[in-house]
Amino acid sequence: MSADSSAGADTGWVGLVTGRVTAWLVLLAVVLVSGAVFVFASAESSSEAPETLPEDSEAALVSEIQSGFPDAGAVPAVLVVTRADGGELGPEGTGAAVAAGERMAEVVGAPAQGPIPSEDGAAALMLVPVDAELISGGEGADLVDDMREAVAAGLDDDVQAQLTGGPAFAADTAAAFEGADFRLLAATALVVAVLLIATYRSPVLWLVPLAIIGVADREAAQLVSLVGETRGITVHASTSGIVSVLVFGAGTNYALLLVSRYREELRTRSDRRSALRAAYRGALPAILASNITVVLALLTLLLATLPNYRSLGASAAVGLLVALAYALVALPAALAVCGRGLFWPFIPRPGDGPGKHEKLSRSRADVTPGDFAEEVPDGVWGRIAARVVRRPVTVLISCVLLLAVLSLGLIGTRVGLSQTEQFRTPSESAQGLETAAEHFPAGVTDPVTVLTRTGTEEQVLEVASGVEGVVSVQPAGQADNGWSSLNVVLDAAPATDRSEASVNELREVVDSVPGSEALVGGSVAEAVDTSEGNVRDLTLIAPLILLVVFVVLILVLRSLIAPVLVMTATVLSSLAALGLGTFVTTQVLGFPGLDVAVPLYSFLFLVALGVDYSIFLTIRAREEAAAHSTREAMVRAVSLTGGVITSAGIVLASVFVVLGVLPLIVLTQVGVIVALGVLIDTFVVRTLVVPALFTLVGDKVWWPGNPRRGRIDPAPSAGPGERPEPQPVVEAL
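Residues numbered from 1 in each chain as written. Predicted model: local features only at pLDDT ≥ 70, side-chain atom pairs only at ≥ 80, totals over all residues. Heavy atoms only, no water.

J.: Looking at this structure, how should I read the packing of aromatic side chains?
T.: How two aromatic rings sit relative to each other is set out by the distance from centre to centre and by the angle between their planes. The final tally for this structure, using the stated rule, is five aromatic pairs. Sitting over the face of the ring of F346, R201 holds its NZ or CZ atom 4.8 Å from the ring centroid. The ring of W381 is capped by R686, whose NZ or CZ atom sits 4.8 Å from the centre of that ring. (Phe/Tyr/Trp six-rings, centres within 6.5 Å; stacked < 30°, edge-to-face > 60°. Lys NZ or Arg CZ within 6 Å of the ring centre and 35° of its normal.)

Here you go:
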């Protein structure tokens, strides 16, 4: 059969993306569609901190009611003034604080309030109200810069002034994310390029998948922004960063699977288009199963109460679908256009290496006679698999103990970070808040807001003053809507156990005042409601993620027992990764604790992404089980997929570590934990635990399915020395 006739023998979708002429047409269509998306969509992400407050929370209701107050549109900028040597301010220092506050007021166009001296006489506060619309509209950063310049212009060297408060934190957050998207993209692309070069050992081949994945990432950014606009979802810089990492990580994994299978087929076929079609069919089930698993797991986030989770769920699902489309359309078409020379200098040719159905050489050092009906695959992964299936009980017990020990890192870990602990990069706003806490009650710059019905202020003020942790309670104005406001200063910083306890007790006592309908809000209460929302979302979403992954495994493996084994191994691996990652981030990197969002983020990615490698392995094992026992099939599967899965795991772990270039501690923690989890899945679960479990259960692991049922024998049309294209697994989908 000629190359041309072989290439044109398949008129279906696979033939379309791999044909001599149609592949060029597919690439042209991809270019046109990509260009249209770039032209008509705009990729913009907010530089503000992600929205984490549940809409139905008490603090959110307080914020809504406050819109009816005369000063609702104002957010105070707080200037903390101290002496550089730490001594008392004295009249001269206090005067410098007043003058600095007046210069700030001139910039803003609003009157300054203060000075508010500390009890030790070493610090003073000046407050200037800033229009909240300027902050949310993106003009706050420039305004804060102008205020800081005005303060510094007339300040003596021996006086120190730090601008903090809501406007300053918003500006410093925007500054921290400035250029972060480019740094993340550049670092991710560099990491992927280096790893692809190391994997393919070719100075040319890596360019094709990297270019396609890079375009997919930019397309995903455009479409995510467009979806966000149409659905009313704000896409923050942290969300777009995670989406970019997922697109690069998943897209690279898909490319590694397809190219690896293509290389394998080229070693048994003289016609490269026939080899590509066979590779496409062989890799398709694993790629689809991987993508569907992660996308469905991400979509469970749409049921979350926290807006940032819903935003990530929708955005990341769109991004991964884009990555899938480019992997299944653009990549095979590009491979079809290029010849075997793309693999230079190690160009695979028929007879160069073992193919899927060829006899593999025996390694007598790793297995005794009679252990297998088939020969043991050559190579490190085949030798490891042979040892595992020979002693499955010992291997399994050792691995379970190791994973259990690693999970102990979760014990005693603090969950929840204060406002000053959210960023890895230093900022004047965080430093100013810390300075204020040294001289004032910790909550003086950010008091708790209590709203009560007008006429009940005195009763609410009295009961609130008796709450443990409350330093002072002051009336803060009335509104025409029948509500009055009180400012409550706590002695504990936000996002600490003490402040949470004070807010909860405050809510309990003010609610007991008859007719008050009192509500407690403000950023301290928002931290409490966010923490509670995280707990609710974790208890709801985590089981749903497990259910989604389990159902996908059942459909893909057509078994009830194999999914249970894979899920058990994945959950153990996830707990171990959380424990090890927590230890690394707190004890090695020195972070004060875990952010409240880390457990759910980490569990989602650990389960949904970690199970991918077990899916890649078990799908290949099921394919091999059509002609071998489960024990032999698992050895062959580990041998044939070991290299590509290891490469994919290292790539995915590396791109998650790149999240550390973004300034939020939560992203660094998630990146470290998921990276460690992916490596555990790659080298422990996929290599040792799953093969040991499948060996112990034996052929019953596929129950009620049977891999040998419906097996299609080799077609007689295969050319001499060639094997037929694998079809049963794909056609079953």
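J.: Whenever I open this one, the sheet that holds strand β8 (residues 519-521) confuses me. Can you help?
T.: Adjacent strands of a sheet pair through backbone hydrogen bonds, lying either parallel or antiparallel. Overall, antiparallel pairing links the four strands, which are arranged β6-β7-β5-β8 in an open sheet. Edge strands, defined here as strands with exactly one partner in the open sheet, are β6 (470-478) and β8. With strand direction ignored, the average angle separating the axes of adjacent strands in the sheet is 25°. When strand β5 (residues 448-453) meets β8, the two strands line up antiparallel, connected through three bridges. In the sheet register, V450 faces β8, and the bridge partner there is V520. (Pairing = 2+ DSSP bridges. Helix = DSSP H or I, 4+ residues; strand = E, 2+ residues; numbered from the N terminus. Axes fitted to C-alpha atoms, helices over the stretch in contact; angles between N-to-C directions.)

J.: I'm lost on the environment of R281 in this one. Help?
T.: Tracing the chain through its elements places R281 in helix α12 (residues 272-299). We classify R281 as buried; its relative accessible area is 14%. Along the sequence, R281 and V14 sit 267 residues apart, while their C-alpha atoms lie 7.9 Å from each other. (Buried < 20%, exposed > 50% of the residue type's maximum accessible area, 1.4 Å probe, protein only.)

J.: Can you walk me through helix α19 (residues 523-557) in this structure?
T.: Because each turn of an α-helix spans 3.6 residues, side chains separated by three or four positions in sequence point in the same direction. An ideal rise of 1.5 Å per residue puts 51 Å on 35 residues; α19 measures up with 48 Å between its terminal C-alpha atoms. Largest kink in α19: about 25°, centred on L538. Looking one or two residues beyond α19, the residue adopting positive phi is R558, at roughly 50°. (Expected span 1.5 Å × (residues − 1). Bend = angle between axes of the 7 residues up to and from the residue.)

J.: Looking at this structure, I do not really get the nonpolar core. What am I missing?
T.: Most often, soluble globular proteins keep nonpolar side chains buried together rather than apart. Ranked by size, the top nonpolar core spans 153 residues in total, and within it F605, F656 and F694 carry the most contacts. With 18 residues, helix α13 (residues 307-337) is the single largest residue contributor to this core. Beyond its immediate stretch of four places on either side in the chain, F694 contacts A562, L565, V566, T618, T630, M634, V701 and W702. Among the nonpolar cores identified, the runner-up in size contains 22 residues, and V81, M126, V130 and A168 belong to it. (Core = buried A, V, L, I, M, F, W, Y, C linked by side-chain atoms within 4.5 Å. Contact = heavy atoms within 4.5 Å.)

J.: What should I look at first to understand the pattern of salt bridges in this one?
T.: When their charged atoms lie close together, side chains carrying opposite charge are able to pair. Considering all chains together, one arrives at 15 salt bridges under this definition. For R310, the salt bridge is made with E55, and the minimal N-O distance between the two is 2.5 Å. With R310 in helix α13 and E55 in the loop between α3 (22-40) and α4 (58-66), this pair connects stretches of sequence that are 255 residues apart. Through salt bridges with shared partners, one network takes in R261, E265, R269 and E623. (Salt bridge = Lys/Arg side-chain N within 4 Å of Asp/Glu carboxyl O.)

J.: Could you clarify how one ought to interpret the confidence of the model for the chain in this entry?
T.: As a general rule, the predicted coordinates of low-pLDDT regions are not to be interpreted in detail. With 87% of its residues at a pLDDT of at least 70, the chain reaches an overall mean of 82. Per-element averaging of pLDDT across the chain places helix α24 (residues 728-732) at the bottom with 33 and helix α15 (residues 392-407) at the top with 94. Within the model, pLDDT remains below 50 along residues 355-374, and this stretch shows 53 contacts once partners closer than five positions in the same chain are excluded. A low-confidence stretch, residues 712-733 stays under pLDDT 50, and its non-local contacts, those more than four residues away or across chains, total 39 contacts. (pLDDT = per-residue confidence, 0-100.)

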